[in-house]
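# Residue-level structure breakdown
Next come the chains, spelled out residue by residue.
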Amino acid sequence: MATTETYHISHMLTILSKIIKTDNLEEIFAILQDNCEVSAMTIYETNGEISAIKKSFQKELPINQSPSYDLKINGVTFGKIIYETKTSNREFLKLISEIIADKIKNYEFKQIISQQISALQEGILQQDNDKRIKNNFFASVTHELRTPLNSIIGYSELLMQGFGGDLSEKQREYLLDIQTSGLNLLNMINDILDFSKISAENSYLNVSEFDIEKLFFEVTNTIKPLLKKKNLKLKTSIENYTLNADYRKTYQILINLLSNAIKFSPNSDVIELYSLYSDKKRIIVVKDNGIGIPKRSQRQIFKEYTQGANNKLKENSTGLGLAIVKKFCNLHGWKIKLESEENKGSTFIIKLD
Ligand code: ADP
């Protein structure tokens, strides 16, 4: 099966688990069992243990039988699903989308908003606890915003793939606008959420083992619409190696660096993402040929709420992106180096060893 189809099914399952707010495999199993025409299904925990098998068939589909689909929350795989079905993958995707659409309909926005308003009122009343409440408030608001936003991005991606029928040029153009605005907004929300978590000192590493190749595949898939919007070319070259790291934070580091590279490059330019592995040293590089960063600003830009004097693109900016990159690198014990010259471009080098 095409890798992109596997990716889309995993992606939709991720959205589903986010919407029903569960990493409970039995619950996901029950929903899929009730709504999708599967004839046999096995769900595994990440440690390889079976969590659920469709009882009537009493048959275990082996984990090494491809394809299996990852179930993820915040980039971390918490389970795998293997299923047998007479329906095509496309049909299966449609069924999952329908479940998601149904769940979204019941999504209690009003309740969420009123909860946030009371949290804010509480914050106003308790000035002395101001900082803690502000952080909690930001964390919960941004978290609630991410779920519907993920569905918007997921759905526009499906439409773009032609799952809703053929598209005219104009429709493609509008969809690309929805995708790019959605992604930019999601990046900003993720930055605020990560930053409030960091400030609240709630930050820890959720370490798992993954290949740099898989990480690059997912990161490049995410930023595709942003590249397309500016007609940019992304050159990737991978020397594959395994990482023991926090997948979501590593993913966020690359998304932040790449979205800056995109933001500060002229249209139709080239951006590079590559990994190197030599002398037991592992490196990741994000390079652009854009406007560059003056020497005097190079230290400052890693501080929170700092935007370079060259940044005229305030609408997609929080000034937190690089502060988060730096903090996430520090948490892992990685070094980040910047080489940049005005009007020539910037290169961010992450040294993992
Ligand atoms: P934001 O992009 O939200 O303003 P960041 O922390 O990601 O915040 O970046 C801080 C500043 O660093 C940016 O405002 C910009 O001036 C500068 N910067 C970051 N990456 C690049 C890049 N690739 N090229 C040029 N300038 C950059």
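Up top you'll find the structure we're talking about.
These notes cover the structure that comes with them. (Residues numbered from 1 in each chain as written. Predicted model: local features only at pLDDT ≥ 70, side-chain atom pairs only at ≥ 80, totals over all residues. Heavy atoms only, no water.)

### Some remarks on the packing of aromatic side chains
Taken as a whole and assessed by the stated rule, the structure comprises four aromatic pairs. Both rings, one in Tyr241 and one in Tyr277, keep their centres 5.5 Å apart while their planes meet at 65°; by these two values the pair is edge-to-face. Remark: Tyr277 occurs in strand 8 (residues 270-278) and Tyr241 occurs in the loop between strand 6 (233-237) and strand 7 (242-246); sequence separation between them is 36 residues. Between Tyr247 and Tyr251, the ring centres sit 6.4 Å apart and the planes meet at 20°, which makes this aromatic pair stacked. Of the two residues, Tyr247 and Tyr251 both sit in helix 8 (residues 247-263), four residues apart, roughly one turn of that helix. In this structure an aromatic cluster arises from ring pairing among Phe210, Tyr247 and Tyr251. Over the ring of Phe328 we find Lys249; its NZ or CZ atom is 5.6 Å from the centre of that ring. Taking NZ or CZ as reference, Lys326 lies 5.7 Å from the ring centre of Phe302, over its face. (Phe/Tyr/Trp six-rings, centres within 6.5 Å; stacked < 30°, edge-to-face > 60°. Helix = DSSP H or I, 4+ residues; strand = E, 2+ residues; numbered from the N terminus. Lys NZ or Arg CZ within 6 Å of the ring centre and 35° of its normal.)

### Concerning helix 9 (residues 321-332)
Counted at 1.5 Å a residue, the expected span for helix 9 with its 12 residues is 16 Å, and the 17 Å between its end C-alpha atoms agrees. Where helix 9 is concerned, the buried positions are Gly321, Leu322, Ala323, Ile324, Val325, Phe328, Cys329 and His332. Once helix 9 finishes, Gly333 follows within two positions and takes phi at roughly 80°, a positive value. (Expected span 1.5 Å × (residues − 1). Buried < 20%, exposed > 50% of the residue type's maximum accessible area, 1.4 Å probe, protein only.)

### Comments concerning the environment of Thr87
Tracing the sequence through the fold places Thr87 in the loop between strand 4 (76-85) and helix 3 (89-105). Relative accessible area serves as the criterion here: at 17%, Thr87 is assigned to the buried category. For the pair Thr87 and Ser39, spaced 48 residues apart in sequence, the C-alpha separation works out to 9.9 Å. When near neighbours in sequence (up to four residues on either side) are disregarded, Thr87 contacts Glu37 and Phe92. (Contact = heavy atoms within 4.5 Å.)

### Points about helix 8
If you check helix 8, its first and last C-alpha atoms are 24 Å apart, about what 17 residues at 1.5 Å a residue would give, namely 24 Å. Counting buried residues along helix 8, 17 of its 17 residues qualify, which places the element largely inside the surrounding structure.

### Topic: the sheet that holds strand 11 (residues 345-351)
With respect to topology, five strands assemble into an open sheet ordered 6-8-9-11-10, the strand pairing being mixed. Each edge of the open sheet carries a strand with a single partner, namely strand 6 and strand 10 (335-341). With strand direction ignored, the average angle separating the axes of adjacent strands in the sheet is 10°. Pairing of strand 10 with strand 11, which is carried by seven bridges, proceeds in the antiparallel orientation. Opposite Glu339, over in strand 11, you have Thr347 as the bridge partner. Strand contacts of helix 7 (residues 212-229): strand 6, strand 8 and strand 9 (281-288), with the helix running at about 175° to strand 8, the strand carrying the most contacts. This element, helix 8, spans strand 6, strand 8, strand 9, strand 10 and strand 11 of the sheet and lies at about 30° to strand 9. (Pairing = 2+ DSSP bridges. Axes fitted to C-alpha atoms, helices over the stretch in contact; angles between N-to-C directions.)

### Topic: unusual backbone geometry
Here the phi dihedral of Ser268 falls at roughly 65°; this positive angle occurs in a residue that is not glycine. In this fold, Ser268 is placed in the loop between helix 8 and strand 8. Residue Lys280 is not a glycine yet carries a positive backbone phi of 60°. Residue position: Lys280 is located in the loop between strand 8 and strand 9. For Lys280, a relative accessible area of 70% translates into the label exposed.

### With respect to the pattern of salt bridges
Applying the stated criterion across every chain, the model contains six salt bridges. Note that Lys170 is salt-bridged to Glu173, the shortest N-O span being 3.5 Å. Pair noted here: Lys170 and Glu173 are both in helix 6 (residues 169-199), with a separation of three residues, about one helical turn. Residue class for Glu173 comes out partly exposed when judged on its relative accessible area of 41%. With a shortest N-O distance of 2.9 Å, Asp353 and Arg282 are connected by a salt bridge. Here Asp353 is found in the segment after strand 11, whereas its partner Arg282 is found in strand 9, with 71 residues between them in sequence. Judged by its relative accessible area of 17%, Arg282 falls in the buried class. (Salt bridge = Lys/Arg side-chain N within 4 Å of Asp/Glu carboxyl O.)

### Structural notes on a positive patch on the surface
On the surface, a cluster of positive charge is contributed by Arg299, Lys303, Lys326 and Lys335. Note on placement: Lys303 falls in the loop between strand 9 and helix 9. Judged by relative accessible area, which is 46%, Lys303 ranks as partly exposed. (Patch = residues over 30% accessible without salt bridge, like charges linked within 9 Å, V, L, I, M, F, W, Y side chains within 5 Å. Areas by Shrake-Rupley, 256 points an atom, 1.4 Å probe, with all protein chains shown as cover. Lys, Arg positive; Asp, Glu negative; His and termini not counted. Charge placed at Lys NZ, Arg CZ, Asp CG, Glu CD.)

### Observations regarding the pairing of strand 8
Alignment of strand 6 against strand 8, held across five bridges, turns out to be parallel. Its bridge partner being in strand 8, Thr236 is matched across the sheet by Leu273. Strand direction decides the pairing type here: strand 8 and strand 9, joined by eight bridges, are antiparallel. Paired with Leu276 across the two strands is Ile283, which belongs to strand 9.

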